[in-house]
Amino acid sequence: MDHHAHDKRAPGCRPGMRQPSGQHTGHEMTELSRRFWIVLALTIPVIVYSAGIQKLLHFTPPQFPFSQYVPFVLATIIFFYGGTFFLKGAAAELGEHRPGMMTLVSLAIIVSFVYSLLINIGLPGEVLYWELSTLIMVMLLGHWMEMRAVSSGSGALQELAKLMPDKAERILTGGTEIIPVTELRVDDIVLIRPGSNIPADGEVVSGESSVNEAMLTGESRPVAKVTGSAVIAGTINGEGSLRVHVTKTGGDTALAGIMCLVDQAQSSRTYTQNLADTAAYWLTLIAISASAVTFAYWYLSPVPKSFALERAVTVLVIACPHALGLAIPLVIAVSTALAAKNGLLVRNRLALEKARNLNIVVFDKTGTLTEGRFGVVGVYVVSQAHEAESLAVIAAAEKDSEHIVAKAIVKTAHDRHLWLPDVTDFKSIPGLGVQANVGGRDVRVGGENLLESLNLDLPTELKLPVARARDAGQTIVFLIEADCVTAAVALADLIRMESVEAVRQLKKLGIEVAMMTGDSEDVARSVAEQLGIQLYYANVLPEEKARRIEEMRSRRLRVAMVGDGVNDAPALVSADVGIAIGAGTDVAVEAGDIILVRNDPRDVVKVIRLSQASYDKMIENLLWATGYNIIAIPLAAGLLVGHGIILPPAVGALFMSVSTVIVAANAQLLRGLNLQDL
C-alpha cells in the first residue's frame, strides 16, 4: 500500500501515536438511533395497554382479540432487540471483572423481564412490562445522546480533516495538471489559486497574497505571504495567486500532526478520569448491594413479594452510573476542541490538568520571550544629526553585507520605510567595519574595534546611552564622519511585544515568572528588567536547565517550562507542565505536553485558564453524577413508603436520564467560554 495514501482521519499520526478512532462512531450512532426509535414506537402501545397505566389515568384503549397480550409480546421484542445492547455491554464488563453501568442496566431489565414472565404463569403480583420497556427506551436515548455529545465534542478532528483539499494543481514545464493530493511529493511546485485550500506545507516561491490561518492558529487576521513565506496545509488562500514549493506532504504536514495531537489528547487518561472510573466501579457494587438489601428487607416484610422485586429493580435503575461515565469524557472532548480552536495543542491531558495549580512559569529567553533575531533597539545621535537620516546612512553602507548585524540594520530601515542614499567607493575594512561614500558623504561604519583603531572618543551626548547599551549586553554600531562619531545604533534580540503582557497576566494570577537563558548576565538582566521579571538565570547551558527545574520541584513548587521544544527538551520533560512554543509548522514537538501554535507567550495564560475551567466542570459533573444517589437510592429503596411516596422503575430511569442531560449540558457550557476573559 502507498504510504502516502490519503487518510482524512489522521494522516499525520507518527509511530506510537494513536490513530483517531472516531470513524466507526457514525455507524454505531446510526444503529443506536434506529434501535431507540423502534423501541420508542413499540413502547407506546405497551404503555397504552398496560393495566396499571389504564387504572392510573382512568381510560380504556380500543380492544381487539388478544389485545391483553400486547404488553407481553411487544415488551419481549423490546427486551431482545433493545436490551441486547446492554446485555453485550454487561458481558464485556464482567469479562474484564469490572462491573459497571451496563451490568446495572442488564440486571434491572433481566429481573424485570423474568419477574413479569413468572407473573404471567401464575405468580401473584403486577407485571413490569411497561417499566421494562420505558427503562430500555430511556437508556437507549441516554446512550444515543451521549454518543451524539461525544461525537460533537470530538468534531474538531472532522473539521480539521475537511480543511484538506482532495486535489492539487501541480506546475509542470509548459503548464499545470490537476492531481490527487496523495500524489504530491516533496519539491513539487503547486499553484494556489485565490480562495483555494493549500494542499501541503511549503514555501512561497513567487506571488503575493494573504492566507487565513485561523483554523490552525486562532489568528483572526489573514497573514500576508510573499516570496520566502511558509504556508501550512489546509489553510485558505486569499485574493492573490501563489506558487508554492512543497516541503511536507501527507502525514508530515502540520495539519496532520494537529489532528493526531487533538485525538491523542481526547483519548488520554487523566487523574480525574481515573477517579471517575473508580467511582463508577464502587457505585456499581454499592447499587447491587443496596438492591439486594432492599429486596431482602421488603421480601421479609409483610408486603407483596412483587413489591420487593420492584423496589430492587428501582434501586438498580436509579443508581446506574450513566451520568458518571459521561461526566469526564465530555469535558475532555469539549476542552480539547476549545484548546485547538485557541491554538493550544494538548498532547498530555494530565499536564493540562496540572496547569491549574502552577506556582511558577519558567521561560526560555531566545525565541520564546524574544523573537530570536537581531533588531535595532535604539538609535542615538549627536545634537546636529537626525535619527532617521543617520540610520538610513548606516543601512545604506551596510546594504550589501551578509553579516547578521548589518542585515538587521537594513531590515529596520526598510521596516521604517526609510529612503537609502546611493553608495559609491565602498570598501570593507576586515575585522573593523566598512567605509563608503553615502549620498556624497564619506563615512565609516563599525563597532567598538573601529573606534579603538581610529583612537576616537565618544561625544558627550552619546556617552550615557552607549554606556547603558553596553551594560545591557547590546551590540553597538557607530557612524563616523570626518573623524567624529555622529551616531550609534544599538542592536539586541528583539523582545516579543506579547511577552510583556504575558508576564503581567501571569503575575495577576499569582504565578511567579522566571527566565533561563544561555546569554550573558548583562543580556539576561536587561531582558528581565524590560519584562518585569525578578528571577532569572544567565549563562545556563541546555543540559543545566533541567537541573534548575528539578531544583524548583524539590522545593515543592509546581513548575511549567516554556521553550522552543528543541534545545529546551530536557527541561520541558522535567517540568510538571512542558509547554513548547515556536511550533509553527512542526506541531509534533515530542518533548512538550502542550504546544502553542501561534508562538505567543500570552497563550500560556490561556493554558492555565482552560485548565482551571475544565477542572471545575469535571468536578461539577462528578459531584452531580454521584451526589444525587445519596437521596435517590434511599428513595428508590422505599424509605418513604410510609408517607405514600413510591418511586416506580420508569421514574427512576427518567431521573437517571435527567442527570445525564444535566451533565452533558454542563460540559457543553465550556464551548461558550472566552479564554481571554476567564
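It should be emphasised that the depicted structure is a prediction, and the values quoted were computed from it without experimental measurement. (Residues numbered from 1 in each chain as written. Predicted model: local features only at pLDDT ≥ 70, side-chain atom pairs only at ≥ 80, totals over all residues. Heavy atoms only, no water.)

Turning our attention to the overall build of the protein chain. Regarding its fold elements, the protein chain presents 25 helices and 22 strands. Put simply, the protein chain has 678 residues, and 52% of those count as buried. Restricting the contact set of the protein chain to residue pairs at least 6 apart, pairs at least 24 apart contribute 70%. (Helix = DSSP H or I, 4+ residues; strand = E, 2+ residues; numbered from the N terminus. Buried < 20%, exposed > 50% of the residue type's maximum accessible area, 1.4 Å probe, protein only. Contact = heavy atoms within 4.5 Å.)

On to the side chain of lysine 545. Here lysine 545 lies in helix 21 (residues 542–554). At 2.8 Å, the side chain of lysine 545 forms a polar contact with the side chain of aspartate 364. Apart from residues no more than four positions distant in its own chain, lysine 545 is found in contact with Asp364, Met516, Val540, Asp568 and Ala571. (Polar contact = N/O pair within 3.5 Å; in protein donor to acceptor, adjacent residues only side chain to side chain.)

Where helix 15 (residues 387–398) meets helix 16 (residues 404–415), the closest approach of the two axes is 9 Å, and the angle between their N-to-C directions is 130°. Judged on the interaxial angle alone, helix 16 and helix 15 are oblique. You can see that helix 15 and helix 16 cross each other, and the crossing is left-handed. Touching Leu391, Ile394, Ala395 and Glu398 of helix 15 are Ala406, Ile409, Val410, Thr412 and Ala413, all from helix 16. Tallied by class, residues from the contact of helix 15 with helix 16 come to seven nonpolar, one polar and one charged. (Axes fitted to C-alpha atoms, helices over the stretch in contact; angles between N-to-C directions. Parallel < 35°, antiparallel > 145°, perpendicular 65-115°, else oblique. Left-handed = near helix turned anticlockwise from the far one by under 90°. Nonpolar A, V, L, I, M, F, W, Y, C, P; charged D, E, K, R; others polar.)

A few words now on helix 4 (residues 84–95). Counted at 1.5 Å a residue, the expected span for helix 4 with its twelve residues is 16 Å, and the 16 Å between its end C-alpha atoms agrees. Among the residues of helix 4, those classed as buried are Phe86, Gly89, Ala90 and Glu93. The arc enclosing the buried residues of helix 4, seen along the axis, measures out at 100°, which places them on a common side. Among the exposed residues of helix 4, those pointing more than 90 degrees away from its buried face are Lys88 and Gly95. Of the residues trailing helix 4, histidine 97 is marked for its positive phi of about 60°. (Expected span 1.5 Å × (residues − 1). Arc of directions from axis to C-beta.)

This part takes up the pattern of salt bridges. Applying the stated criterion to the full structure yields 20 salt bridges. Residue arginine 34 pairs with glutamate 31 through a salt bridge whose shortest N-O separation is 2.4 Å. On the criterion of helical spacing, the pair formed by arginine 34 and glutamate 31 is a turn pair, its members being three residues apart in helix 1 (residues 25–48). In this structure, aspartate 600 and arginine 602 form a salt bridge, with 2.8 Å as the shortest nitrogen-oxygen distance. Arginine 602 gets classed as partly exposed once you look at its relative accessible area, which sits at 34%. Sharing partners across several salt bridges, the network here consists of Glu31, Arg34 and Arg35. (Salt bridge = Lys/Arg side-chain N within 4 Å of Asp/Glu carboxyl O.)

The next point concerns the nonpolar core. Judged by nonpolar contacts, the single largest core of 48 residues is most densely connected at Phe86, Ile109, Leu132, Ile136 and Leu140. Broken down by secondary-structure element, the contributors of at least two residues to this core are helix 1, helix 3 (70–81), helix 4, helix 5 (101–120), helix 6 (129–153), helix 10 (271–299), helix 11 (305–318) and helix 24 (629–637). It is helix 6 that provides the largest number of residues to this core, a total of ten residues. With 36 residues, the next largest nonpolar core counts Ala528, Leu531, Val577 and Val604 among its residues. (Core = buried A, V, L, I, M, F, W, Y, C linked by side-chain atoms within 4.5 Å.)

Turning our eyes to something else, we now look at the packing of aromatic side chains. All chains considered together, the criterion is met by eleven aromatic pairs. Plain terms: the ring middles of tyrosine 49 and phenylalanine 64 are 5.8 Å apart, the flat faces sit at 70° to each other, and that makes the pair edge-to-face. Pair noted here: tyrosine 49 is in the loop between helix 1 and helix 2 (51–57) and phenylalanine 64 is in the loop between helix 2 and helix 3, with a separation of 15 residues, a long-range link. Both rings, one in phenylalanine 79 and one in phenylalanine 80, keep their centres 5.0 Å apart while their planes meet at 90°; by these two values the pair is edge-to-face. Residue class for phenylalanine 79 comes out buried when judged on its relative accessible area of 7%. Given a relative accessible area of 54%, phenylalanine 80 falls into the exposed group. The structure contains a cluster of three or more aromatic residues connected by ring pairs, namely Phe79, Phe80 and Phe113. A cation sits over an aromatic face here: arginine 35 above tyrosine 81, 5.1 Å from the ring centre. (Phe/Tyr/Trp six-rings, centres within 6.5 Å; stacked < 30°, edge-to-face > 60°. Lys NZ or Arg CZ within 6 Å of the ring centre and 35° of its normal.)

On to unusual backbone geometry, then. For phenylalanine 66, which is not glycine, the phi torsion reads 65° and is therefore positive. Note on placement: phenylalanine 66 falls in the loop between helix 2 and helix 3. Not every positive phi belongs to a glycine, and aspartate 483 is a case in point at roughly 60°. By relative accessible area, aspartate 483 is classed as exposed at 51%.

The next thing to look at is the confidence of the model for the protein chain. Here the protein chain averages 81 in pLDDT, while 82% of its residues score no lower than 70. A low-confidence stretch, residues 152–156 stays under pLDDT 50, and its non-local contacts, those more than four residues away or across chains, total ten contacts. Under a pLDDT of 50 for its full length, residues 583–589 has, in the predicted model, 23 contacts with residues more than four places off or in other chains. (pLDDT = per-residue confidence, 0-100.)

Next up on the list: helix 15. In a regular helix each residue adds 1.5 Å, so twelve residues correspond to 16 Å; helix 15 covers 17 Å between its end C-alpha atoms and thus fits that length. Of all the twelve residues making up helix 15, nine are buried; the element is thus mostly covered by neighbouring parts of the structure.

Looking at where alanine 327 falls in the secondary structure, it is placed in helix 12 (residues 322–341). Setting aside its immediate chain neighbours within four residues, alanine 327 contacts Asn621, Leu622 and Val663.

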